Amino acid sequence: MKFTLLLKNENDSSEPVIVSEIERTGPLNAASLGLTIAESKCLLANIQKELVESQLQCFLQEQRICARCGTRRTLKDYHTACFKSLFGGANLRVPRFNGCPCEGLHTRAQTVKIDGLANWVSPELEFIQSKMAAMIPYARTADLLDLLLPVASGNAPSTVRRRALNIGQRLDAELHEAADATHIECPKAVKNPVTVVGLDSGYVRDCRPHSEGSFEVVVGRILNENKDSRSLGFVRTIEINTAARHRLKQRLCEQGQITDNITVFTDGDSGLRCLLMSALPKATHILDWYHLTRPLTVLKRVLFGKEAIKQFPTYYHDPLCKNLESLKWRLWHGHVGGAFNRIRAILFRLRLPTIAGKQVAVRMRRLIKELLRYLKNNQDSLANYGRRYRSGRRISTAFVESAVNQLIDKRMSKSQQMRWSPIGAHALLQVRAEVVDDRLGAAFSRWYPGFAGQSKPLQVAA
Ligand SMILES: [Zn+2]
């Protein structure tokens, strides 16, 4: 059995071109039923080559005619170009036409340019490579594409990396340009006010020699009334103060209306808090409940540990347990003054001569002092967590921690044994944020009018 696939240009009188021949001999078995991946790759590559060459020929004929007087311009020379796409490359001869006499004697010859096409790379190839590279390592992206599609040239891991980082830099430049151009005036017509904003940070291994081992990446998430989320991320040493504020404001404006009723969450990091409050001066800042309880959990573990039970007599141990419980209760209900009193009571007990010198007492005093410092620094950001919780409002940065997980841990985390340069991580983070928010296709549609991205699947003939 033999099939011949022909491609015919309906606007042309030329003969159809054979794009593929599929032959089956021998008995039918599992391996010979239907198309193989090798045949499908060959088929796609041949169709792409024919299509690109025909489209280019048609385009060149139009370009050769002078738009002003209709004269056919003369040919100067050719140069070669390799068009790269998901469906293989096409080696093309691209002519340069001399200037038309109607434009004056000294008009220079011009290379033919296709609107929006830079470096002869198809936007779909850039889109798929950068989208996959934001999710999985560069080498695996190249392998997977190579496995399924005839993307021959322009698919080395280093090329995938370069393209993904270029897209990240383009997104970054676009954001800062927009911020400069609009002076970040939020459109009044945007519905769905922003309700909650949170920032948190994580660490990524540094690849540079003589570096300190890792660097900090800040991640944020903005939620609006519809619970739609918008993510943002940047490397802390790359974007400081104004640039970081621009990024935050730009993302806020994209997400919804800025009102006075916005709640912002952090883990108590003063830099992140300042950044949020400089972008949203009227917002209410709340310290994340789980970061607040973390030191209490450590204290509890020490107090109920074997050492403490051995070193503290029961008549000291029991009141300390009660004080610790009551401290947590007061923090939960937003009784800040009461909480400070409990801390003082605990410190007083730990300084009593009978136990003051014990190892556990020294350790607990250090922990309690750290907690006291943390609470004093964030005194005005302690809410009535109990009341918020009962009324169904947020008390924690869990929604930001999921962003940290999605943006950093899954692609750049230490467990993956990957090392990054701050510039590379920053650029890839921009692509990853767009992928997580499902907005990368929209960015490509802005850059390449008519770009379909992941449009609806084509109808297959019945
Ligand atoms: Zn002319």
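Treat the numbers as computed from the prediction; the structure is a model and nothing was measured.

Scoring rules and cut-offs
- Residues numbered from 1 in each chain as written.
- Predicted model: local features only at pLDDT ≥ 70, side-chain atom pairs only at ≥ 80, totals over all residues.
- Axes fitted to C-alpha atoms, helices over the stretch in contact; angles between N-to-C directions.
- Helix = DSSP H or I, 4+ residues; strand = E, 2+ residues; numbered from the N terminus.
- Parallel < 35°, antiparallel > 145°, perpendicular 65-115°, else oblique.
- Left-handed = near helix turned anticlockwise from the far one by under 90°.
- Contact = placed C-beta atoms within 7 Å.
- Pairing = 2+ DSSP bridges.
- Nonpolar A, V, L, I, M, F, W, Y, C, P; charged D, E, K, R; others polar.
- Domains from an automatic or database assignment.

Student: Got a sec to walk through the packing of helix α2 (residues 123-135) against helix α3 (residues 138-148)? Specific residues and values, please.
Tutor: Between α2 and α3, the shortest axis-to-axis distance is 8 Å and the interhelical angle comes to 130°. In terms of axis orientation, α2 runs oblique to α3. At the point where α2 passes α3, the crossing takes the right-handed sense. Where α2 approaches α3, its residues Q129, M132 and A133 are matched on the opposing element by Y138, T141 and L144.

Student: Could you give an account of the sheet that holds strand β3 (residues 75-85), naming the residues involved and the relevant values?
Tutor: The pairing of strands in a sheet happens through backbone hydrogen bonds and is either parallel or antiparallel. Reading across from one edge, β3-β4-β5 is the order of the 3 strands in this open sheet, with antiparallel pairing throughout. Each having just a single partner strand, β3 and β5 (110-111) make up the two edges of the open sheet. In terms of strand pairing, strand β4 (residues 88-97) meets β5 through 2 bridges, oriented antiparallel. Residue F97 lies in a different strand from β5, and its bridge partner there is Q110. Across the sheet, helix α1 (residues 37-64) touches β3 and β4, and the angle it forms with β4 is around 10°.

Student: Quick rundown of the sheet that holds strand β6 (residues 194-205)? Include the residues and the values.
Tutor: In spatial order, the strands read β8-β7-β6-β9-β10; together these 5 strands make up an open sheet with mixed pairing. Each edge of the open sheet carries a strand with a single partner, namely β8 (229-235) and β10 (284-287). Taking each pair of neighbouring strands and ignoring which way they run, the sheet shows an average axis angle of 20°. Sheet topology note: the strand β9 (residues 263-266)/β10 ladder contains 4 bridges and is parallel. The residue bridging T263 from the neighbouring strand is T284, located in β10. Together, β6, β7 (214-224), β8 and β9 form the strand contacts of helix α14 (residues 398-412), whose direction differs from that of β7 by roughly 135°.

Student: An account of the pairing of β6 is needed here, citing residue identities and associated values.
Tutor: A regular strand carries its side chains on alternate faces of the sheet. Bridging between β6 and β7 involves 11 bridges; their strand directions are antiparallel. From the neighbouring strand, V196 faces β7, where its bridge partner is L223. Of the strand pairs in this sheet, β6 and β9 are connected by 3 bridges, and their pairing is parallel. Note that in β9 the partner of V197 across the bridge is V264.

Student: Could you give an account of the packing of α2 against helix α15 (residues 422-436), with specific residues and numbers?
Tutor: α15 packs onto α2 with a crossing angle of 95° between their chain directions and a minimal axis gap of 9 Å. Here α15 runs roughly perpendicular to α2, going by the angle between their axes. On the side of α2, the interface is formed by S130, K131, A134 and M135, while α15 contributes L428, V431, R432 and V435. The class makeup of the residues in the contact of α2 with α15 is 5 nonpolar, 1 polar and 2 charged.

Student: Go over the domain arrangement of the chain, please, and point to the residues and values.
Tutor: Domain annotation of the chain identifies domain 1 (2-120), domain 2 (193-289 + 397-421) and domain 3 (290-385). Computed over C-alpha atoms, the centres of domain 2 and domain 3 are 30 Å apart. Contacts between domain 2 and domain 3 engage 7 residues on the former and 11 residues on the latter. In terms of residue count, the dominant contributor to the side of domain 2 that touches domain 3 is β10 (3 residues). Here the residues of the side of domain 2 that touches domain 3 sort into 3 nonpolar, 2 polar and 2 charged.

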